Amino acid sequence: MQIQCKNLTVGYEDGPVAEKINFEIEEGDYVYVVGDNGSGKTTLLKTLAGLIKPLDGLLTYENTTKEAGVGYLPQHTQIQKDFPASVAEIVLSGRVRKTGGGPFYNAEDKKTAQEKMKKLGIENLASKAYRNLSGGQQQRVLLARALCAAESILLLDEPVSGLDPAAASEMYDCIRQLNDDGMTVIMISHDVDSALEYADKILEFRGNRTRFVSKELYRSARGNMK
Amino acid sequence: MNELVQYLSYPFVRYALAAGVLTALCSSLLGVTLVLKRYSFIGDGLSHVAFGAMAIAAVLSISEEMIVVLPLTMICAVLMLKKGRNAGVKGDAALAMLSVGAMAIGYLLLNIFPTSANISGDVCSTLFGSTSILTLSSADVVTCVIMSVLVTGIFIIMYNRIFAVTFDEDFAKASGVNTEFYNLLIAVITAVVIVLAMNLVGALLTSALIVFPALSSMRLFDSFRKVIISSAVIAMTAAFVGISMSIVISTPVGATVVVVNIFIFAACSAIRSVKK
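For every chain, the first residue of its written sequence is number 1, and the numbers climb from 1 along that sequence. Here the convention is simple: chains get letters from A, ligands get numbers from 1, in the order in which they are written. Only residues with pLDDT of 70 or above have their local features reported here, since the model is predicted, and side-chain atom pairs are shown and tallied only from 80 upward, although totals for entire chains, interfaces and linings are computed over all residues. Side-chain measures here rest on the full set of heavy atoms in the structure, leaving out hydrogens and waters.

Undergrad: Any chance you could break down the packing of aromatic side chains for me, citing the residues and the numbers?
TA: Residues and elements named next belong to chain B. Aromatic contacts are taken between Phe, Tyr and Trp rings whose centres are within 6.5 Å, Trp giving its six-membered ring; a plane angle under 30 degrees counts as stacked, one over 60 as edge-to-face, and the others as tilted. Following the criterion strictly, the structure yields 14 aromatic pairs over all chains and no others. Aromatic side chains Tyr 159 and Phe 224 sit 5.8 Å apart centroid to centroid with 40° between the ring planes, which places their arrangement in the tilted category. On the criterion of sequence distance, the pair formed by Tyr 159 in helix α7 (residues 138-167) and Phe 224 in helix α11 (residues 224-248) is long-range, its members being 65 residues apart. Side by side, Tyr 159 and Phe 224 carry an identical accessibility label, which is buried. With centroids separated by 6.0 Å and ring planes inclined at 75°, the aromatic side chains of Phe 212 and Phe 265 adopt a geometry described as edge-to-face. Runs of E in the DSSP output that reach at least two residues are strands. Runs of H or I that reach at least four are helices, and both are numbered from the N terminus. Each residue gets one of three labels from its accessible area relative to the maximum for its type: buried under 20%, exposed over 50%, partly exposed in between, using a 1.4 Å probe on protein chains only.

Right, here's the structure in full:
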């Protein structure tokens, strides 16, 4: 078991967004987080990433620390749209806390960034401007950055939102590949069909309740509802 | 040209020129981050606050104005950053209130407790900078050089973290970067830069030194490093040319430097549209 949540309440200073979240995630799991807008999916991911503190309940990481193990891919911000930065600069910034305490990146950091870009097929874009890339390429850059930070867990917040179907399907292949290589993936998505195709487990937010089930159970439950 | 060379033979003119160029360097380094984080309004608001603080120092007849101006501006910088975060109309309006309020109080204080016979002259030079670079005091120049070196040094050492926090604060925080600290640092350095730049171009024009070089460079370059470097080069060139021109044709220093920056921005925009 890699991540465990027991009766977790997530939210902000002005109150909880979702309560009584329970799940256990094993190493190498591919978990889809699905549910309505505003039901607390992003809030949960931010809590897992350590951006906000749990309001109540238990959240534990085993065999890894949040800082060392987790690579986070947040939703796009307005700032990034016209941000002047090269692909290499952004990917390298995934190593920001792994420089061994020194202020500058060392050879190992640069090598890691190079490897991750290669893995995602964007090494030929290294010197290109991020703001001029297509949506799919931009997401790969941010995924490569997350990989630079991640040892074993990827937290992805709607990585295919805004992508055209072809780019989305390439992105899914990328993530599938990373999962096959042993990465635990926790991904927010609106795409239930792809969840049924790729996921091992599904965490569903509905109203103010959540349930954590295997894909098979989720599929049969859906069948019954229809 | 001869006139400029003649002026440059005075050591003090050289020092002042150096101080001006260094101030421009600091403002431009920070400017890139502020513009990208959508914080340029903080620079503008702070310059108004600094004016108010300056007035308080003058009324209290504190000879070393920095002792009052710097801490007050820093405190407001931190407050503004916290407010700007929960953006929206309210934060915006609060900022406008703070900056206009500081100006009004400053001007009122200067009028109620006049410290010299020429109030409007004093106010004008605080707002728009010294009419001549020769009126800078030697203490100003020394402070300016020390602060500039400090700011530039900190910026270089923190460069990678500043990039990470500027590009994606959530990601940086998730990776374990103490983003609150870096935001605080940026706010405090902004305050220092504003106060420095005030000596050169006056309170109202300081934000020009912060935004113009950054925006000009962003027209030209696509990588963060190149934008930073070119921003520094543009700012220093504009300061050098502007100050030299102001000496030769005896125009107000601050306004001249800003106008040179405007021309550079126009040129960079033109180059960009030709490229595209």
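Undergrad: I'd like a rundown of the pairing of strand β8 (residues 201-206) of chain A, residues and numbers included.
TA: Residue and element names in this part refer to chain A. Counting buried positions along β8 gives five out of six residues, so the element sits mostly inside the fold. As paired strands, strand β3 (residues 30-35) and β8 are joined by five bridges and run parallel to one another. Bridge assignment links Val 31 to a residue of β8, and that residue is Lys 201. Bridge analysis of β8 against strand β9 (residues 209-214) gives six bridges, and the strand direction is antiparallel. Bridging from a neighbouring strand, Arg 206 pairs with Arg 209 of β9. Here the rule is simple: two strands pair whenever DSSP picks up at least two bridges between them. Between β8 and β9, which pair antiparallel in sequence order, lie two residues; one of them, Gly 207, sits at a positive phi of approximately 60°.

Undergrad: Please set out the sheet that holds strand β2 (residues 15-25) of chain A residue by residue, giving values where relevant.
TA: Residues and elements named next belong to chain A. In space, the three strands of this open sheet follow the order β2-β1-β4, with antiparallel pairing throughout. The strands lining the two open edges of the sheet, one partner per strand, are β2 and β4 (56-61). The sheet shows a mean angle of 30° between the axes of neighbouring strands, taken without regard to direction. As paired elements, strand β1 (residues 3-12) and β4 share five bridges and run antiparallel to each other. The residue of β4 that forms the bridge with Gln 4 is Thr 60. The contact criterion used is simple: two residues touch if any of their non-hydrogen atoms lie within 4.5 Å. Only C-alpha atoms enter the line fits that serve as axes; for helices the fit covers just the stretch in contact. Angles between N-to-C directions range over 0 to 180 degrees. Contacting β1, β2 and β4, helix α1 (residues 41-49) crosses the sheet at an angle of about 115° to β1.

Undergrad: Account for the pairing of strand β6 (residues 153-157) of chain A, naming residues and giving values.
TA: Residue and element names in this part refer to chain A. In terms of residue burial, β6 counts as a mostly covered element, since five of its five residues are buried. The side-chain alternation of β6 yields two buried faces, one formed by Ile 153, Leu 155 and Asp 157 and the other by Leu 154 and Leu 156. By the bridge criterion, four bridges tie strand β5 (residues 70-73) to β6 in an arrangement that is parallel. Within β6, the residue paired with Tyr 72 across the bridge is Leu 155. Relative to strand β7 (residues 184-188), β6 runs parallel, the two being bridged by five bridges. Bridge pairing in β7 links Asp 157 to Ile 188.

Undergrad: So what's going on with helix α10 (residues 206-220) of chain B? Which residues, and what values?
TA: Residues and elements named next belong to chain B. Where burial is concerned, most of α10 is hidden: twelve out of the 15 residues are buried. Where α10 is concerned, the buried positions are Thr 206, Ser 207, Ala 208, Leu 209, Ile 210, Val 211, Pro 213, Ala 214, Ser 216, Ser 217, Met 218 and Leu 220. Tucked inside the fold, the buried residues of α10 contact α2 (11-36), α3 (40-59), α9 (179-201), α11 and α12 (253-275).

Undergrad: An account of the nonpolar core is requested, with residue identities and associated values reported.
TA: If you look at the biggest cluster of nonpolar residues, it comprises 121 residues, and the most contacted ones within it are Tyr 32, Leu 143 and Leu 154 of chain A together with Phe 224 of chain B. Ignoring sequence-local partners within four residues, the contact set of Tyr 32 of chain A consists of Tyr 172, Met 187, Ser 189, Asp 191, Ser 194, Ala 195, Tyr 198, Ala 199, Lys 201, Ile 202 and Leu 203 of chain A. Counting 26 residues, the second-largest nonpolar core is a separate cluster that includes Phe 23, Leu 44, Leu 59 and Ile 153 of chain A. Think of a nonpolar core as a cluster: buried Ala, Val, Leu, Ile, Met, Phe, Trp, Tyr and Cys residues, connected wherever their side-chain atoms sit within 4.5 Å.

Undergrad: Describe helix α4 (residues 107-119) of chain A, with residues and values.
TA: Residues and elements named next belong to chain A. Between its first and last C-alpha atoms α4 spans 18 Å; for 13 residues at 1.5 Å apiece the expected length is 18 Å, and the two agree. Residues of α4 that are buried: Asp 109, Thr 112, Ala 113, Lys 116 and Met 117. Angularly, the buried residues of α4 cover 135° about the axis, an arc narrow enough to put them on a single face. Across α4 from its buried face, at more than 90 degrees, point the exposed residues Ala 107, Glu 108, Lys 111 and Lys 118. In this structure, the buried side of α4 is in contact with α3 (87-92) and α5 (135-149). Identification of polar contacts relies on pairs of N or O atoms within 3.5 Å, with a donor-acceptor requirement for protein atoms, meaning one able to donate a hydrogen and the other able to accept it, and with residues adjacent in sequence counted only if both atoms are side-chain atoms. In this structure Asn 106 caps α4, since a side-chain oxygen of it lies 3.1 Å from the backbone nitrogen of Glu 108. The span expected for a helix works out to 1.5 Å for each residue beyond the first. The arc in question is formed by the directions pointing from the helix axis toward the C-beta atoms.

Undergrad: If you had to explain unusual backbone geometry to someone new, which residues and values would you point to?
TA: Its identity as a non-glycine residue notwithstanding, Asn 7 of chain A has a phi of 50°, on the positive side. The backbone of Arg 38 of chain B sits at a positive phi, close to 60°, despite the residue not being glycine. Mapped onto the elements of the fold, Arg 38 of chain B is located in the loop between α2 and α3.

Undergrad: With reference to specific residues and values, describe the environment of Gly 35 of chain A.
TA: All names here are of chain A. Mapped onto the secondary structure, Gly 35 falls in strand β3. In the structure, Gly 35 is positioned 19 residues away from Pro 54 in sequence and 20 Å away in space, judged by C-alpha atoms. Setting aside residues no more than four positions away along its own chain, Gly 35 makes contact with Lys 41, His 190 and Phe 205.

Undergrad: Break down the sheet that holds β8 of chain A for me, with residues and values.
TA: Residues and elements named next belong to chain A. Pairing is mixed across the open sheet formed by six strands, whose spatial order is β5-β6-β7-β3-β8-β9. A strand with exactly one partner marks an edge of an open sheet, and here the two such strands are β5 and β9. Between one strand axis and the next, the sheet turns by 15° as a mean value, whatever way the strands run. Contacting β3, β5, β6, β7 and β8, α1 runs over the sheet at an angle of about 150° to β6. Lying on the sheet, α5 is in contact with β5 and β6; it crosses β5 at an angle near 160°.

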